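# Notes for the structure review
Chain by chain, the residues run as shown.
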Amino acid sequence: MTGELSPIDRAKFVAAKQAAGFVEDGMKVGLGTGSTAAWLVRCLAERMEEEGIRFRGVPTSTRTADLARELGIEVISLDEAKWLDLTIDGADEFDKDLNLIKGGGGALLQEKIVATASDQMVVIADAAKEVQTLGNFPLPIEVIPFGWQTSQSLVEETLVSMDVMGRKSTLRMNGAKPFVTDEGNHILDLHLGRIGNARQLALVLNQIPGVVENGLFIDICDRVVIGFADGKVETRDINAGTVTTDQMLFEESDNLFKDLGD
Ligand SMILES: O=C(CO)[C@H](O)[C@H](O)COP(=O)(O)O
């Protein structure tokens, strides 16, 4: 895999590489799911090899667990870890308060459990994920298979009273069959357009019987590392309120990418 990176992959890669630098020797680290998180896992494996750092990872999906093991990262369960120093994960959308929509990869349940059990959650994302108001990306909610259509109707009824634009929901498919999460559940994608009160919606959705979890991450993320295609990386920290920009020369990253892929 030594070909040219697409601009979006460059952006994801530099964000992941920057955040991989936050991991310190001996840490217990939550490992997110998705294409950006996969870059992170590769960058961490590279740090293990080049710098000799050691850490234990709690993956948020079987996909991430498989990749981490393949690259020699020690994988432990959340129950073994009990509490994590740091979780680094991707996101589908983030706003100025670092609230998120997650679950585009269908791993939102484990992702939320792991992120919530961490001292810090860092999101890595390309700049296109930043929005003024959450909701353009369809909001995933995880529902149990039993009576999922009834849960869907209840969800749509609930949306009528909420500050959202759209109400339509669709069952996520995997080819001809419903998508099944690592926990054996289904995903409903809510096409809302704009979520006025994300905090309230997150609470209300979880009250509906059959809904296991929703993809709104409110007050969970501490820091977002935003990657740009030219190699620039911007870090926003919710507590410190700081914005720092680093220029990561892409030529360097490009070589690292090639090394990783070889
Ligand atoms: O929430 C997620 C998976 O459930 C992902 O973090 C999110 O979908 C972003 O994915 P990508 O990094 O591939 O853009």
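Keep in mind that what you see is a predicted model, and the values were worked out from it rather than measured.

Thresholds applied
- Residues numbered from 1 in each chain as written.
- Predicted model: local features only at pLDDT ≥ 70, side-chain atom pairs only at ≥ 80, totals over all residues.
- Helix = DSSP H or I, 4+ residues; strand = E, 2+ residues; numbered from the N terminus.
- Rg over C-alpha atoms; globule rule 2.2 N^0.38 Å.
- Buried ≥ 20, exposed ≤ 12 C-beta atoms within 10 Å, placed from the backbone.
- Contact = placed C-beta atoms within 7 Å.
- Near = placed C-beta within 6 Å.
- Nonpolar A, V, L, I, M, F, W, Y, C, P; charged D, E, K, R; others polar.
- Domains from an automatic or database assignment.
- UniProt positions renumbered as here; feature names shortened; annotations may be inferred.

So, on to the overall build of the protein. Broken down by element type, the protein carries eight helices and 17 strands. For the protein, the C-alpha radius of gyration of 18 Å lies close to 18 Å, the compact-globule estimate for 262 residues. Viewed in the frame of its principal axes, the protein has a C-alpha envelope of about 55 × 35 × 35 Å. Expressed as a percentage of the 262 residues in the protein, the buried residues total 46%.

Another aspect to go through is the environment of alanine 176. Within the element layout of this structure, alanine 176 appears in the loop between β10 (173-174) and β11 (177-178). As a C-alpha pair, alanine 176 and threonine 62 span 114 residues in sequence and 22 Å in three-dimensional space.

Before going further, it helps to spend a moment on the environment of valine 211. Within the fold, valine 211 resides in strand β13 (residues 211-214). On the basis of neighbour count, valine 211 is assigned to the buried category, with 22 C-beta atoms found within 10 Å. Distance in space between the C-alpha atoms of valine 211 and valine 143 is 4.4 Å, their sequence separation being 68 residues. The contact partners of valine 211, leaving out residues within four places of it in the chain, are Ile141, Val143, Ser151, Val155, Leu205 and Asn206.

On to the site of the ligand, then. Near the ligand you find 18 residues, and of these Gly34, Thr36, Gly90, Gly104 and Gly105 are the closest. Those elements that place two or more of their residues in the shell around the ligand are α2 (35-51) and α5 (108-116). Ranked by the residues each element gives to the shell around the ligand, the list is headed by α2, at three residues. Residues of the shell around the ligand, tallied by class, amount to four nonpolar, ten polar and four charged.

Below, the discussion takes up the domain arrangement of the protein. Often, the extent of an interface is quoted as the loss of accessible area upon association of its parts. On domain assignment, one finds that the protein holds domain 1 (7-130 + 219-261) and domain 2 (139-214). Each of domain 1 and domain 2 was reduced to a C-alpha centroid, and the two centroids are 26 Å apart. Facing the twelve residues of domain 1 at the interface are twelve residues of domain 2. For the side of domain 1 that touches domain 2, the element with the highest residue contribution is α5, accounting for four residues.

Here, the residues flagged by UniProt with the feature "active site" (unreviewed entry) are Glu111. Note on placement: glutamate 111 falls in helix α5. Residue classification places glutamate 111 among the buried positions, given that 32 C-beta atoms sit within 10 Å. Beyond its immediate chain neighbours, meaning those up to four positions away, glutamate 111 contacts Gly32, Thr33, Thr60, Asp89 and Lys102.

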